[in-house]
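Fold and geometry: a report
As a plain string of letters, each chain reads:
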Amino acid sequence: MNTETSARLFEEALQYIPGGVNSPVRAMKGVGMPHPLFISRAERSHIWDADGNEFVDFVSSWGPMILGWGHPEVVGRLKEQVDKGTSYGAPTELEVELARLVCEAVPSVELVRMVNSGTEATMSAVRVARGFTGREKIVKFIGCYHGHSDGFLAAAGSGVLTLALPDSPGVTKGTTADTLLVEYNDVAALTELFEERGEEIAALIVEPVAGNMGVVPPQPGFLEACRELCTRHGAVLIFDEVITGFRVGWGGAQERYDVMPDLTTLGKIIGGGLPVGAFGGRRDIMETVAPLGSTYQAGTLSGNPLAMAAGAATLRVLSEPGVYEQLEAAGARVEASLRAAADAAGRAVTINRVGPMLTMFFCEGPVHSFADAKAADTAAYAAYWRHMLEAGVYLAPSQFEAAMISLALTEADLEKAAAAASDWFAGAGA
Ligand SMILES: *Cc1c(COP(=O)(O)O)cnc(C)c1O
């Protein structure tokens, strides 16, 4: 595969951008690439790099492109809005439309505030929880990622995990001292922590299906325990549904598992491919946010009309009947084909999947926590990833990420990916 243009663009990027990328995992270091692929265009389920190589895409821009690219509803509304103005810094009907869709879909959300990224959403939700409770500590799970704000950069997942930075320079000890860590799915440790320090805890934040250490579903009773402990100790339960929102179901993971948080953070899909985040939840908590209450939160470009138009158009398509059944079926097919390929080669892998998000861990498993995920053979993943790329299939460039299945994937796309995986296992397993 010729990637000369990407290599050249990367050389140039290195002169102006730290590490040549605007987000670390894009550097593709986790899979041993000398340079990332520069993408020049995308259509439906396919992307093309700067050298004209074409790939079936299983990254979906890390989740947002659940409809695939160029959906006529999304593109149409964006084009219409471009002519009317791209930002006013004043209220618009579009933001009411998106807020209404979110409140109707996500069961626990009564009021919602739009921001510009998932990072802003989680950062703001924690501030609101602290303001509401008058407490300072937050509890997070090891391997969960909640964006890059200071308090969360303790045992975070995703890029931080891939680059093995357990913590980051520039984050003060005072900040992370307010973050208490527990292993994902460990109800006993969580219960003990709450029994010891319950009255200091403002919030427990959790990815209700972890996606940033690879997909790790909640074990039966885990989310219920999170809910129960927060209720008993007066802490705010925050579901970080930046990935799972509108992916694992129309009402997100809270609907799928029937456990209601106090606050929810959203991002990715609700922007339809433009930068959006949101946090929302119980009316009494959200009413503490300025200008109604005294907890400050603001944004010059928040509720941006282009982003609202793309988000609302995306949610309208997702609200159509049969959409989540189709996503479930596509996810199940990918899982079954990977399982068959690995089994045929006698190779032990663990496939964790919830609806259209899936990770194949190169280890025997089971994978219920970050400690389990770390046992995966990342060198095997890198070899597999490179084989898939050569075969025209674009996967997340890290073992600790998820395949994000979109509605645009066709029968032929799924077959191509299955055949490529089967080839790899046949070769590597021999
Ligand atoms: C992506 C992600 C974030 C951060 O969102 P950004 O838009 O990248 O700031 C937060 N939480 C979860 C669960 C995520 O997957």
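Residues numbered from 1 in each chain as written. Predicted model: local features only at pLDDT ≥ 70, side-chain atom pairs only at ≥ 80, totals over all residues. Heavy atoms only, no water.

Roughly 270 Å³ of internal volume is contained in the second largest pocket. The wall of the second largest pocket is formed by 21 residues, among which Leu338, Leu358, Tyr384, Leu395 and Ala403 lie closest to the centre. Elements with a contribution of two residues or more to the lining of the second largest pocket: helix 12 (323–344), strand 12 (357–361), helix 14 (378–390) and helix 15 (411–429). A total of 4 residues in the lining of the second largest pocket trace back to one element, the largest contributor, which is helix 12. (1 Å grid on protein atoms, 1.4 Å probe; cavity = no way out; pocket = protein on both sides within 12 Å on 5 of 7 lines; lining within 4 Å. Points joined across faces, edges and corners; volume = space filled by probe spheres on them. Helix = DSSP H or I, 4+ residues; strand = E, 2+ residues; numbered from the N terminus.)

One pass over the full model with this rule turns up 15 salt bridges. The partner of Arg316 in a salt bridge is Glu97, with the nearest N and O atoms 2.7 Å apart. In this pair, Arg316 sits in helix 11 (residues 305–318) while Glu97 sits in helix 3 (residues 93–105), placing the two residues 219 residues apart along the sequence. Assessed through its relative accessible area of 10%, Glu97 is described here as buried. Two residues, Lys137 and Asp178, come together in a salt bridge whose shortest N-O distance is 3.0 Å. With Lys137 in strand 5 (residues 137–142) and Asp178 in the loop between helix 6 (173–177) and strand 6 (179–183), the pair connects residues that are 41 residues apart, well separated along the chain. A relative accessible area of 13% means that Lys137 is categorised as buried. We classify Asp178 as buried; its relative accessible area is 18%. (Salt bridge = Lys/Arg side-chain N within 4 Å of Asp/Glu carboxyl O. Buried < 20%, exposed > 50% of the residue type's maximum accessible area, 1.4 Å probe, protein only.)

The strand order 11-12-14 describes an open sheet built from 3 strands, whose pairing is antiparallel. Looking at strand neighbours, the two that pair on one side only are strand 11 (350–354) and strand 14 (403–404), the edges of this open sheet. When strand 12 meets strand 14, the two strands line up antiparallel, connected through 2 bridges. The residue bridging Met357 from the neighbouring strand is Met404, located in strand 14. Along the sheet face, helix 12 touches strand 11 and strand 12 and points at about 175° away from the line of strand 11. (Pairing = 2+ DSSP bridges. Contact = heavy atoms within 4.5 Å. Axes fitted to C-alpha atoms, helices over the stretch in contact; angles between N-to-C directions.)

Our focus in this paragraph is the site of the ligand. Within the structure, the ligand sits among Ser117, Gly118, Thr119, Tyr145, His146, Gly147, Glu207, Asn212, Asp240, Val242, Ile243 and Lys268. The backbone of Tyr145 places a nitrogen or oxygen atom 3.3 Å from a nitrogen atom of the ligand. The contact in question runs from an oxygen atom of the ligand to an N or O atom on the side chain of Asn212, over 3.0 Å. Coverage of the ligand by the protein amounts to 83% of the 380 Å² it exposes when considered alone. When grouped by side-chain class, the residues that make up the shell around the ligand number 3 nonpolar, 6 polar and 3 charged. (Near = heavy atom within 4 Å. Polar contact = N/O pair within 3.5 Å; in protein donor to acceptor, adjacent residues only side chain to side chain. Areas by Shrake-Rupley, 256 points an atom, 1.4 Å probe, with all protein chains shown as cover. Nonpolar A, V, L, I, M, F, W, Y, C, P; charged D, E, K, R; others polar.)

Within this structure, the stated rule accounts for 13 aromatic pairs. Between the aromatic rings of Phe55 and Tyr394, the centroid separation amounts to 6.1 Å while the plane-to-plane angle is 40°, which identifies the pairing as tilted. A residue pair is termed long-range when its members are at least 10 positions apart, and Phe55 in strand 3 (residues 54–57) and Tyr394 in strand 13 (residues 393–394) qualify at 339 residues. Given the relative accessible area of 0%, Phe55 is considered buried. In this structure Tyr394 comes out as buried when scored by relative accessible area, which is 11%. Centre to centre, the rings of Trp424 and Phe425 are 5.1 Å apart; their planes meet at 75°, and the pair counts as edge-to-face. There is no split in this pair, since Trp424 and Phe425 are both buried. (Phe/Tyr/Trp six-rings, centres within 6.5 Å; stacked < 30°, edge-to-face > 60°.)

We now examine the domain arrangement of the chain. Looking at the chain, the domain boundaries give domain 1 (4–70 + 321–426) and domain 2 (72–318). Taken together, the 36 residues of domain 1 in the interface contact 39 residues of domain 2. Overall, the association of domain 1 and domain 2 removes approximately 2900 Å² of surface from exposure, summing both partners, and the carbon and sulfur fraction of that is 69%. Salt-bridge contacts for Glu328 lead to Arg256; the nearest nitrogen and oxygen are separated by 3.3 Å. The interface formed by domain 1 and domain 2 holds 12 residue pairs in polar contact (both at pLDDT 80 or more) in total. Of all the elements in the fold, those that place two or more residues in the side of domain 1 that touches domain 2 are helix 12, strand 11, strand 12 and helix 13 (370–373). At 4 residues, strand 12 tops the list of elements feeding residues into the side of domain 1 that touches domain 2. When its residues are assigned to classes, the side of domain 1 that touches domain 2 shows 23 nonpolar, 10 polar and 3 charged. (Domains from an automatic or database assignment. Buried area = accessible area lost by both parts, 1.4 Å probe.)

With that out of the way, let us pick up unusual backbone geometry. The linkage connecting Ala290 with the following residue, Pro291, adopts the cis geometry, with an omega of 10°. Examined against the element boundaries, Pro291 turns out to sit in the loop between helix 10 (283–286) and helix 11. Geometrically, the link from Gly365 to Pro366 is a cis peptide bond, its omega value of 0° lying close to zero. Relative to the helices and strands, Pro366 is located in the loop between strand 12 and helix 13. Within the chain, Met28 stands out as a residue other than glycine whose phi angle is a positive 65°. Position of Met28 relative to the elements: it lies in the loop between helix 1 (4–16) and strand 1 (39–43). Positioned with a positive phi, Asn185 is a non-glycine residue whose angle comes to about 70°.

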